[in-house]
Amino acid sequence: LNAFQRLFSARQLCACRRCLTRSPRTWLAACVLLVLCVHYLLLLPRPLLTANSDAARQRLAGSAGPADSRDGSSQRGSEGGGGNSDSGTPPRHPRLQFACRRSDAPEWPVDLGPLPAGQLKLRSDAKILLLVDNENGPVTRQLINLLEHMRLSYKTAPTWKPLPHLTSSDRGRFGAILMDSLSAYLNMDRWNRGLLDRYCRDYAVGQVAAMLASGGGGSGGVRRRRQQQRRRRQQQKLYRNGRLGDLPVWASPVSIGDLINSSSSGSANIGIHVSRLSPVTRLTKSGILAELPLPGDTGAGHWMTFNTSHEGYGYVAWFKSSNKANGDSGGDRLATVLSDSGRYDGIARVIFGYDFSPWLHAALLADALAWTSRGRFAQSLDRFVQVDIDDVFVGPSGLRMLPNDVDALVATQRRWRSRFGLSGFTFQLGFSGRYFGRGNPAENAGDARLLTLRRHFLWFPHMYKHNKPHTYAISPHHSGVYPVHEPLYAAWRSVWSINVTSTEEYPHLRPARRRRGFVYNGVRVLPRETCGIYTHTVRLADYPRGQQRLRQLVLGGELFHTVLLHPICVFMTHMPNYANDRLAYYVFDGLFNFLTCHTNIRLRWADPQRLATLYFNSAHREERQAPLWLSPCADPRHREIWAGPKDLCARLPSLLIVGPQKTGSTALHTFLSLHPQLLPSIKHPRTFEEVQFFTDPNYAKGLLHYYSYFNYTREFTVNFTVDPGARPIYFEKSANYFDQARVPGRVKALLPSARIVAILMDPAQRAYSWYQHQLAHGDPAATNYSFYQVITSDDAAPREVRQLRHRCLRPGRYANILKRWFRQYRPRSVYLVDGDQLRNSPAQTVHRLQRWLGLKPQVDYTQLLLYNKRKGFYCYRPVLSDLTVERRPRCLGKGKGRRYPAIDEASLAYLRTYYRHDNAQLYKLLRRHSYKPPGWLLALQNGGKPVA
């Protein structure tokens, strides 16, 4: 057919038709030719027939125009390519082929009835509870990776421990239950299992679980052996008579050797049939026969198959066994994905008989979460795709585009628009005019051809030497977008009016599933995806780690997962990818064909402005704000492209005093500043010694703003001949860091190895001290309301009273707050100061702290801190540059050590009751992490009696 279409144009075919109407002999010859063509087509292999018929439809539709003979995806032979040439003849290039097959197996009956609505019809949050039997197992890692791909919020909890709180007031905390091991769920203790099942019935929450023939590996040593022994006992208990616990389902393992088929390409694989009637399939196309490559080690060589006769269960996917003796009443069909509509026990379930490494199981997992959650976790079927071509006109001779490559670029746009539904699709070309016309004569002709057809594409500036304004840009060498270079954003906004860009560096290049967008200085930054081809990958035969690696990346690999699970994808390619072997067509033609064949995804295209609007309208709140600032020194790529001060990493603080407020944090900051090795931050005219960078709105000001607090020179007075290992330590203090929910994560991201110091004093006394502080500053709520009225007020009180109550009470809930810090930093990196000891004996307290920090030399603070009877607090004597001590002491400001009446008995009794549970949790937390509880906490736990 290809040769026939190349021989005759559309006009010649029309003339042939007129000829056929006049001569009966010609009619007879045409009929014979038609019969021979049909006979030839029937003898062709199925994938080749599909590929040729698709190409024929495209040519007959005329979608590619006169440039079709040079099109990058037209049939030019097998997967082998040729190089570029100076003659301008179209090079042969590879095409990725696969079998797109439909299932011809008889359909099994499924339950199409509605899911249970829940007994109480209560609401639940859009969060997933991930119950794991093996916290470090391969199935757990696969589930976490897929949830991060789908950008779903989740909480991980082990099955052998008590369940987390499932409800909050009248709302459920989780909208779906996901489990890495169904056997662990079925063997949970009766109390936890009953709580979980009742929650699922009351809140109409479904369950999704994997059932493996044998568990995957975990951490080594004793813990791993214990896990294996526990799973072995669970399996032995579970497989009595083959029934899955109390469910009406029977399971049996099947060897992979019984499932291996031979594909049309001759490679061994597993063919799985997807039901045409199952209500679970949404992203996954129903009625397909998916050919999966042989799995790795995570399944131990076996799949689980299921059998049931209950009418509430349905078969979502099954395969045919080569050993019919293992089959059931349905012949040689073995179900591997099972759905439960909830008729049996009121809980909707989807059970997988293998892990989630096959691409089909990843797609069905997204469908299962959407089905069991009644659409709460359902994603749109639309996938917006944008393809950027960086470094246009850039490249050495031999890697640049020829005129036929440019024509193929235009033809590919037209073909993708008509074939894949990408209406209006247009390549985005990165203009680098400085390198125009620097190739050989044929390549210079390609540059000229590209300018002739320039109106067929959209262009964006890829160099800084541009005068024409744009709205979308990519910085050269990927520098300045992230880590953020503030002058670049200012120039983009004021000079070129650019408000959309993209980067693959936020927060890191790898792993790709964690890339996110952000907004900074009015510029919306979209996450950019890589597609496995770069500037150096121009020929398929030379692809790193072999051609099979690229094939796996496209057909069910990382690239497939990116489009399957991300609603908006901006792909980065380069000009050499569209010359030579034209690997860009190899990748995207194969990807789009694979998606069209196996999924219900609708490919779409939109310009960068609309893409940014769509992305940030549906993104999480964190992505619509400033980015999470990471240390440029922690990532080698970030360190290489960082355009800011090169001494930033040396200036960032490694010690933070986080408060809370009114616990003596200012005094501790002042006393530590006396040590010559500790360099405090520069004072701010409004917040004084507090930087407050990690709280809003200062966090949006960026790294250079934070750097400005430590960009100073102070003589370092430690004698390096005596202490050669001593280095200056920058530190800062901000008392409002302690109880802000987002601060621990922000601090950990920028200062991963920092040390944290917090001060714990009696929360009742701290709350009263804060009220007196606000009263001294003329706060209207403190002036018009007593302390007891403030702390006992409800939500109907005036707004200023509620805010004051919040600031009085919340920072004193130490247990919950410290748990947030311990999730980011190990307890050995967090130092807790007893607030009463800091007030009564600061010299001993600071001396213990300097030993914990390992400071050199050890300063004798008994000579530096003196008690002031008039002020009722300790003052200090500064250390001079020659390490001598100033004779005249200095005291803190007049607002420090303020005297006020004692707290009234009613307020104290109320606060003791309010903090009783929190103090008990704090005591357990400190004991668990080997901290010595403060004296006031020991006294409260001892019934109010002082502890020596």
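Bear in mind the structure is a predicted one, so any value in this text is a computation, not a measurement.

**Let's talk about the packing of helix α21 (residues 743-750) against helix α26 (residues 814-824)**
Running from N to C, α21 and α26 cross one another at 20 degrees; their axes reach a closest spacing of 9 Å. When the axes of α21 and α26 are compared, the pair comes out roughly parallel. Between α21 and α26 the crossing geometry is right-handed. Taken together, the residues of α26 that come into contact with α21 (itself represented by Val-743, Pro-744, Gly-745, Val-747 and Lys-748) are Arg-820, Trp-821 and Gln-824. Residues belonging to the contact of α21 with α26 are distributed by class as follows: four nonpolar, two polar and two charged.

**Side note on the confidence of the model for the chain**
Here the chain averages 83 in pLDDT, while 80% of its residues score no lower than 70. Taken element by element, the chain is modelled with least confidence in helix α4 (residues 46-61), mean pLDDT 37, and with most confidence in strand β28 (residues 755-760), mean pLDDT 98. When the criterion is pLDDT under 50, residues 1-17 qualifies, and its contacts beyond four places in sequence or with other chains add up to ten contacts. Counting interchain partners and residues more than four positions distant, the pLDDT-below-50 stretch residues 43-91 has 112 contacts.

**A look at the nonpolar core**
Membership of the largest hydrophobic core comes to 102 residues, with the highest contact counts inside it found for Leu-369 and Phe-427. Two domains share this core, each providing at least three of its residues, namely domain 1 (122-216 + 247-260 + 267-373) and domain 2 (382-624). Every residue in contact with Phe-427, bar those within four places of it in the chain, is listed here: Val-387, Ile-389, Leu-409, Thr-412, Gln-413, Trp-416, Phe-457, Leu-458 and Tyr-578. Counting residues in each nonpolar core, the second largest holds 60 residues, with Tyr-520, Val-523, Phe-738 and Val-830 among its members.

**Observations concerning the pairing of strand β17 (residues 428-431)**
Two strands pair when backbone bridges link them, and strand β16 (residues 382-392) and β17 are joined in this way by three bridges, in the parallel orientation. Bridge pairing in β17 links Val-392 to Phe-431. Each parallel crossover has a hand, and for β16 linked through helix α10 (residues 403-419) to β17 it is right-handed. Strand direction decides the pairing type here: β17 and strand β18 (residues 458-461), joined by four bridges, are parallel.

**A word on α21**
Across the eight residues of α21, six count as buried, placing the element largely inside the fold. Residues Val-743, Pro-744, Arg-746, Val-747, Ala-749 and Leu-750 constitute the buried set of α21.

**Examining the sheet that holds β28**
What the five strands build is an open sheet, ordered β26-β27-β25-β28-β29; its pairing is parallel. Each edge of the open sheet is held by one strand with a lone partner, namely β26 (678-680) and β29 (830-834). Each strand of the sheet is rotated relative to its neighbour by a mean of 25 degrees, with strand direction disregarded. Pairing of strand β25 (residues 655-657) with strand β27 (residues 729-733), which is carried by three bridges, proceeds in the parallel orientation. Across the sheet, residue Leu-655 finds its bridge partner in β27, namely Phe-731.

**Regarding helix α28 (residues 842-853)**
Over its twelve residues, α28 runs 16 Å from end to end, which matches the ideal 16 Å to within 8%, given 1.5 Å per residue. All buried positions along α28 are accounted for by Pro-842, Ala-843, Thr-845, Val-846, Leu-849, Gln-850 and Leu-853. Taken around the axis of α28, the buried residues stretch over an arc of 160 degrees, which confines them to a single face.

**Overview of the pattern of salt bridges**
On inspection of all chains with the given rule, the structure shows 31 salt bridges. Its salt-bridge partner being Asp-246, residue Arg-193 comes within 3.1 Å of it at the nearest N-O pair. In this pair, Arg-193 sits in helix α7 (residues 190-202) while Asp-246 sits in the loop between α8 (222-238) and β8 (250-255), placing the two residues 53 residues apart along the sequence. Residue Asp-647 pairs with Arg-651 through a salt bridge whose shortest N-O separation is 3.3 Å. The partly exposed category is assigned to Asp-647, whose relative accessible area is 29%. Look at the salt bridges and you will find they share partners, linking Glu-148, Arg-513 and Arg-514 into a network.

**Digging into the environment of Thr-862**
By the secondary structure assignment, Thr-862 is in the loop between α28 and β30 (865-868). Spatially, the C-alpha atoms of Thr-862 and Gln-844 are 7.8 Å apart, while their sequence positions differ by 18 residues. Within polar-contact distance, the side chain of Thr-862 engages the side chain of Asp-860 at 2.5 Å.

**Structural notes on the environment of Gly-287**
With respect to the secondary-structure elements, Gly-287 resides in the loop between β10 (268-274) and β11 (288-293). Separated by 184 residues in the primary sequence, Gly-287 and Ser-103 place their C-alpha atoms 5.5 Å from one another. Discounting chain neighbours no more than four positions away, the residues touching Gly-287 are Arg-102, Ser-103, Val-274, Ser-275 and Arg-276.

**Concerning a positive patch on the surface**
A cluster of basic side chains, namely Lys-155, Lys-819, Arg-823, Lys-924 and Arg-928, defines a positive patch on the protein surface. Counting only elements with at least two residues in the positive patch, the list comes to α26 and α30 (916-928).

**Examining unusual backbone geometry**
Residue Pro-507 follows Tyr-506 across a cis peptide bond; omega there is -10 degrees. Among the secondary structure elements, Pro-507 is positioned in the loop between β20 (500-503) and β21 (518-520). Residues Gly-659 and Pro-660 are joined by a peptide bond in cis, for which omega reads 5 degrees. When you line up the elements, Pro-660 lands in the loop between β25 and α19 (665-673). Its identity is not glycine, yet Asn-521 carries a phi of approximately 55 degrees, on the positive side. Among the structural elements, Asn-521 can be located in the loop between β21 and β22 (523-530).

Calculation criteria
- Residues numbered from 1 in each chain as written.
- Predicted model: local features only at pLDDT ≥ 70, side-chain atom pairs only at ≥ 80, totals over all residues.
- Heavy atoms only, no water.
- Axes fitted to C-alpha atoms, helices over the stretch in contact; angles between N-to-C directions.
- Helix = DSSP H or I, 4+ residues; strand = E, 2+ residues; numbered from the N terminus.
- Parallel < 35°, antiparallel > 145°, perpendicular 65-115°, else oblique.
- Left-handed = near helix turned anticlockwise from the far one by under 90°.
- Contact = heavy atoms within 4.5 Å.
- Nonpolar A, V, L, I, M, F, W, Y, C, P; charged D, E, K, R; others polar.
- pLDDT = per-residue confidence, 0-100.
- Core = buried A, V, L, I, M, F, W, Y, C linked by side-chain atoms within 4.5 Å.
- Buried < 20%, exposed > 50% of the residue type's maximum accessible area, 1.4 Å probe, protein only.
- Domains from an automatic or database assignment.
- Pairing = 2+ DSSP bridges.
- Right-handed = clockwise from strand over helix to strand, strands pointing away.
- Expected span 1.5 Å × (residues − 1).
- Arc of directions from axis to C-beta.
- Salt bridge = Lys/Arg side-chain N within 4 Å of Asp/Glu carboxyl O.
- Polar contact = N/O pair within 3.5 Å; in protein donor to acceptor, adjacent residues only side chain to side chain.
- Patch = residues over 30% accessible without salt bridge, like charges linked within 9 Å, V, L, I, M, F, W, Y side chains within 5 Å.
- Areas by Shrake-Rupley, 256 points an atom, 1.4 Å probe, with all protein chains shown as cover.
- Lys, Arg positive; Asp, Glu negative; His and termini not counted.
- Charge placed at Lys NZ, Arg CZ, Asp CG, Glu CD.

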